[in-house]
Protein chains: 2
Amino acid sequence: MLLALLLAVGPVPPEVAQKLVGGALTSGVAYARLQELTDAIGARLSGSPGAAAAVQWALKKLQQDGLAARTEAVKVPHWVRGEETAEILASPAGIGHRLAVTALGNSIGGSATAEVVEARSVAEIAALGAAVRGKIVFFNHTMSAPADYGKFVEMRSHGPSASGRAGAVAVLLRSLATASFRSPHTGLTIYDADAPRVPAAAVSTEDADLLHRLLQRGPVRVRIALGCRMLPDADSANVIGEVRGREKPDEVVLIGAHLDSWDLAQGANDDGAGVAMVMEAGRLIASLQQRPRRTLRVVLFMNEENGLAGGKGYAAAHQAELGRHVAALEADSGADRPLSVRLRTGEGGNAMLAPWLLPLESLDIHLEEGDAGGADLTPMDGALVPLVSVHPDVTHYFDIHHSAADTLDKIDPENLAKNAAAIAVVAYALAEMPATLPRPAARPATH
Amino acid sequence: MLLALLLAVGPVPPEVAQKLVGGALTSGVAYARLQELTDAIGARLSGSPGAAAAVQWALKKLQQDGLAARTEAVKVPHWVRGEETAEILASPAGIGHRLAVTALGNSIGGSATAEVVEARSVAEIAALGAAVRGKIVFFNHTMSAPADYGKFVEMRSHGPSASGRAGAVAVLLRSLATASFRSPHTGLTIYDADAPRVPAAAVSTEDADLLHRLLQRGPVRVRIALGCRMLPDADSANVIGEVRGREKPDEVVLIGAHLDSWDLAQGANDDGAGVAMVMEAGRLIASLQQRPRRTLRVVLFMNEENGLAGGKGYAAAHQAELGRHVAALEADSGADRPLSVRLRTGEGGNAMLAPWLLPLESLDIHLEEGDAGGADLTPMDGALVPLVSVHPDVTHYFDIHHSAADTLDKIDPENLAKNAAAIAVVAYALAEMPATLPRPAARPATH
């Protein structure tokens with residue numbers, strides 16, 4: 001009764017609200033899709049057989065759902081992991097320890113045996129100066145909550161080049177993680193063109209603690225050997241499905257997620273869940289009796305994790321129509337309980353969208369102040385597309401992020417469905433409301 | 001003020017209670033010792049360099065603490081792990097998955113590629129009959145709390161032999177764990193002499209869930225390769241330290257822990273913590289102005305994890321004096337907050353001991369009904385030695401038990417010290433009280 005009352009409120013027709021919210025919550029399709037993507041396909045690092053299979057699978061599913069589906073070719077980095085080992089060597093102070101390590105994405109392979117020097121930031125490398133030469137740099141930090149990721153991720157992305165430039169022979173990074181059972185968390189590192197490249201790996205937080213304790217007592221020597229290597233770029237694709245707008249087909253509402261994952265696990269949370277959500281939103285909207293006013297475009301990006309080739313490729317291929325992209329959303333924050341909708345829009349955008357989100361009141365999801373975005377959307381920054389996020393609880397997101405523990409059992413089907421419902425309502429609203437969101441101001445430039 | 005009042009109560013002299021409780025809580029010695037054992041030595045599987053180093057380390061520390069210390073030689077199994085890999089093979093239903101596995105302790109090495117058949121108990125193997133022949137048996141279960149360990153551990157200890165007898169080619173066991181980030185948990189398997197031996201490994205709970213899901217959809221083929229092997233028995237030792245009784249030196253109060261650990265980690269919780277606790281209790285009692293009435297014997301057993309050679313060796317070597325062992329305690333349940341003291345004693349034992357434990361009231365540790373024991377004490381079962389346990393909170397014990405995550409960071413120094421204080425008071429009481437605990441009845445025979 002309460003639900004019916006709430007659904008009756010606002011500009012979304014009740015039968016549409018019921019079909020989108022009720023459909024997502026009762027169909028079980030999002031979870032079933034996620035299970036296909038993770039259990040039948042599994043890890044999907046760019047260039048891998050899993051990534052290729054995921055492209056074909058997604059194309060077929062979007063077609064089955066009644067969307068006009070196609071692939072758009074992109075060339076992707078093809079990095080493979082190989083064997084990876086590291087150990088603290090025996091010394092008069094101790095008999096040695098194996099370390100739980102995993103190469104950072106796109107790291108060169110190679111081996112090194114050297115003393116370890118601990119640093120707490122990229123900036124500290126310059127300050128350490130000659131102390132880094134010939135050493136293995138160990139980046140340590142105090143990440144304990146999701147918000148810390150942004151504070152420390154520079155050590156992963158740019159620490160290896162800074163270290164290589166200072167003469168280091170390898171890098172160990174304390175995993176960017178909020179929980180651990182000796183689990184190393186990978187993630188992209190980016191080599192500067194002008195810096196010597198050194199092998200770089202994440203160590204588990206436990207091993208980082210061990211290194212730190214041992215370094216307080218004296219010199220520590222580590223041997224590290226990474227079998228990873230970069231192969232020639234591979235052919236891959238973004239997968240796109242559309243529900244063509246009934247009145248303004250040239251105006252596009254983009255809802256995306258990334259189809260690739262790291263290689264250590266099934267990529268259920270990052271970003272299989274996002275893929276399942278936006279596919280379900282697309283399926284539900286395609287099933288409506290009347291198509292929305294504007295075109296809904298589901299975009300499953302390839303290579304978000306280690307190159308962003310899909311996001312860059314999409315922005316380049318669609319440059320001419322980015323001005324007619326009236327909103328874009330990327331689902332890439334896991335699948336815990338959805339808490340809010342956030343916008344990056346011009347003045348008045350929130351007020352415009354708010355009444356259209358009344359169908360989400362029953363799920364306790366509210367429009368709130370904040371920012372929105374997504375890695376795959378950053379290449380279209382210049383077009384000032386209004387951005388929208390459905391923001392789930394991320395408390396435990398970094399417990400398993402980029403680790404071998406990113407598996408299907410971590411996904412709650414009900415929360416997954418709620419996220420899909422929220423994205424469906426948001427996408428419908430943006431595609432149907434009479435006016436479009438005001439475009440946001442340009443982002444301030446960052447380094 | 002409250003502490004002083006409480007300490008004044010009961011037969012333990014206040015200055016003794018203060019020295020034992022206050023000493024444990026303020027010295028920092030237990031944690032410092034644990035850090036030496038785990039960081040400077042590390043993993044201590046029987047026959048390994050770590051185990052040998054631990055024996056020498058413990059001997060020296062007990063001597064430094066003023067105990068009469070010695071080693072007692074035991075021959076131990078010498079099992080080594082080697083490389084271990086497993087994967088779900090590609091099939092028309094899916095493109096395959098790596099599995100997170102680790103060999104069960106004492107498993108033979110070898111490889112197998114076969115279909116998987118799921119079983120929920122050892123008994124089910126016989127019921128499955130011919131369905132097991134040529135297959136990899138996958139033991140699955142529903143462990144979710146510490147008390148479940150006892151329900152399911154038979155699959156680890158006896159599942160491989162039951163499977164081998166039925167014609168299986170290998171065994172995968174869902175890890176006996178209460179939490180996981182894709183972490184397999186090892187533990188002993190015991191081959192029956194008359195059963196064909198097959199390689200046996202634990203899989204992470206996540207991979208067990210995956211196997212279960214895939215098996216619901218059709219046949220699953222797995223390839224497993226374990227590089228583990230059993231070497232000839234190695235020379236090792238229990239380490240023993242004594243504080244000789246001032247009046248009844250022939251009556252022995254034994255407090256023990258096991259010096260060996262699994263090879264996957266530092267063995268901080270299992271059982272470095274126990275070692276640190278009983279050593280600290282011994283050190284504190286040795287430091288008293290007046291030695292207790294009876295002899296306190298600290299016994300650091302070797303090979304609890306994969307053979308019990310230390311426990312068996314101790315019982316055999318001391319057979320003649322087990323009748324004069326007036327009490328025995330093994331600390332092997334981790335180092336979380338100590339909750340209670342439990343006895344396995346004859347009628348009236350609890351009442352005898354209770355007043356002596358008043359110094360522990362301030363730590364909120366109480367004598368309670370229950371049982372007591374310890375794996376290394378079972379070989380002396382026939383002697384009906386009264387058994388005593390200091391029982392910590394074990395809620396999270398099986399989160400890391402026998403896994404790579406059993407590392408020093410999991411130990412809280414304050415709780416470790418409280419456990420040491422409790423053991424010190426219990427041991428002092430047993431060694432000092434005028435009479436000895438009544439001996440318990442024989443245990444009912446088990447299969």
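For the structure itself, consult the block above.
Nothing here was measured: the structure is a model prediction, and the numbers come from that model.

**Student:** For this particular structure, what's the right way to read the overall build of chain A?
**Tutor:** Broken down by element type, chain A carries 13 helices and 16 strands. For the C-alpha atoms alone, the extent of chain A along its principal axes is close to 75 × 45 × 45 Å. The 447 residues of chain A split such that 60% are buried. Taking all contacts inside chain A whose residues are at least 6 apart in sequence as the whole, residues at least 24 apart take part in 83%. For chain A, the accessible area works out to roughly 16,100 Å², and carbon and sulfur atoms hold 54% of it. If you average the places of the 40 positive and of the 50 negative side-chain charges in chain A, the two averages end up 3 Å apart.

**Student:** It is not clear to me how the interface of chain A and chain B should be interpreted in this structure. Could you clarify?
**Tutor:** How large an interface is tends to be reported as the accessible area lost when its parts come together. Tallying the contact residues gives 39 residues for chain A and 38 residues for chain B. For the chain A face of the interface with chain B, the top three residues by lost area are Ile95, Phe181 and Arg213 of chain A, together amounting to 25%. Counting across the interface, chain A meets chain B through four salt bridges. Summed over the shared surface of chain A and chain B, the result is 14 residue pairs in polar contact (both at pLDDT 80 or more). At the level of secondary structure, the elements contributing two or more residues to the side of chain A that touches chain B comprise helix H3 (29-41), helix H4 (49-64), strand S3 (97-99), helix H8 (205-215) and helix H12 (397-400) of chain A. A class-by-class count of the residues in the side of chain A that touches chain B yields 16 nonpolar, eleven polar and twelve charged.

**Student:** Looking at this structure, I do not really get the relation of the copies chain A and chain B. What am I missing?
**Tutor:** Applying a rotation about an axis and a shift along it to one chain copy brings it onto the other copy. Note on the identical chains: chain A maps onto chain B by a rotation of 180° and an axial translation of 0.0 Å, with an RMSD of 0.0 Å. Seen this way, the second copy is the image of the first under a two-fold rotation axis. When each C-alpha of chain A is compared by its distance to the rotation axis, Phe181 of chain A comes out closest, at 3.0 Å. With an isologous cut-off of 70% or more, the 97% of interface residues of chain A that recur at the interface of chain B puts this contact in the isologous class.

**Student:** Quick question: what am I supposed to make of the pattern of salt bridges here?
**Tutor:** If charged atoms from side chains of opposite charge come close, those side chains can pair. Going through the model one piece at a time under the given rule, you end up with 56 salt bridges over all chains. Here Arg174 of chain A and Asp209 of chain A are joined by a salt bridge, their closest N and O atoms 3.0 Å apart. Linking Arg174 of chain A in strand S7 (residues 170-174) with Asp209 of chain A in helix H8, this pair joins segments that are 35 residues apart in sequence. By relative accessible area, Arg174 of chain A is classed as buried at 12%. As a salt-bridge pair, Glu36 of chain B and Lys61 of chain B come within 3.1 Å of each other at their nearest N and O atoms. Taken together, the residues Glu36 of chain B in helix H3 (residues 29-41) and Lys61 of chain B in helix H4 (residues 49-64) connect sequence positions 25 residues apart. Residue class for Lys61 of chain B comes out buried when judged on its relative accessible area of 12%. A network of salt bridges, in which partner residues are shared, links Arg70, Glu72, Glu242, Arg297 and Glu321 of chain A.

**Student:** Help me understand the packing of aromatic side chains in this model?
**Tutor:** For any two aromatic rings, the description comes down to two numbers: the centre-to-centre distance and the angle of the planes. Summed over all chains, the structure comprises nine aromatic pairs over all chains. A ring pair is formed by Tyr149 of chain B and Phe398 of chain B, whose centres lie 4.4 Å apart and whose planes are at 25°; its orientation type is stacked. With Tyr149 of chain B in helix H6 (residues 148-157) and Phe398 of chain B in helix H12 (residues 397-400), this residue pair connects regions lying 249 residues apart in the sequence. Here Tyr149 of chain B and Phe398 of chain B have matching classes, each one buried. A connected cluster of aromatic rings, assembled from ring pairs, spans Tyr149, Tyr397 and Phe398 of chain A.

Calculation notes
Note that residues are indexed from 1 along each chain, following the sequence as it is written. To read the labels, note that chains go from A and ligands from 1, taken in the order they are written. Whole-chain, interface and lining totals are the exception, using all residues; otherwise, since this is a predicted model, local features are given only for residues with pLDDT of at least 70 and side-chain atom pairs are given and counted only at 80 or more. Side-chain measures were taken over the full set of non-hydrogen atoms in the model, leaving aside hydrogen atoms and water. Secondary structure elements follow DSSP: runs of H or I no shorter than four residues count as helices, runs of E no shorter than two count as strands, and numbering proceeds from the N terminus. Think of it in three bands: with a 1.4 Å probe and only protein chains considered, a residue is buried below 20% of the maximum accessible area for its type, exposed above 50%, and partly exposed in between. In this analysis, two residues are considered to be in contact whenever any of their non-hydrogen atoms come within 4.5 Å of each other. Here, Shrake-Rupley sampling with a 1.4 Å probe gives the accessible areas, and only protein chains in the shown set may cover a residue. In this tally, Lys and Arg are treated as positive and Asp and Glu as negative; His is ignored, and so are the chain termini. A single reference atom marks each charge: NZ on Lys, CZ on Arg, CG on Asp, CD on Glu. The buried area of a pairing is the accessible area, by a 1.4 Å probe, that goes missing from both parts when the two are put together, added over both. By definition, a salt bridge exists where a carboxyl oxygen of Asp or Glu is found within 4 Å of a side-chain nitrogen of Lys or Arg. Between N or O atoms, a polar contact is any pair within 3.5 Å; within protein, one atom must be a potential hydrogen donor and the other a potential acceptor, and residues adjacent in sequence are included only when both atoms are from side chains. Under the scheme applied, nonpolar residues are Ala, Val, Leu, Ile, Met, Phe, Trp, Tyr, Cys and Pro; charged residues are Asp, Glu, Lys and Arg; polar residues are all the others, including Gly. Copy-to-copy alignment: least squares on C-alpha atoms, limited to residues at pLDDT 70 or above in both. The pairing test for Phe, Tyr and Trp rings, Trp by its six-membered ring, is centres within 6.5 Å, and the orientation test on the planes gives stacked under 30 degrees, edge-to-face over 60, and tilted for anything in between.

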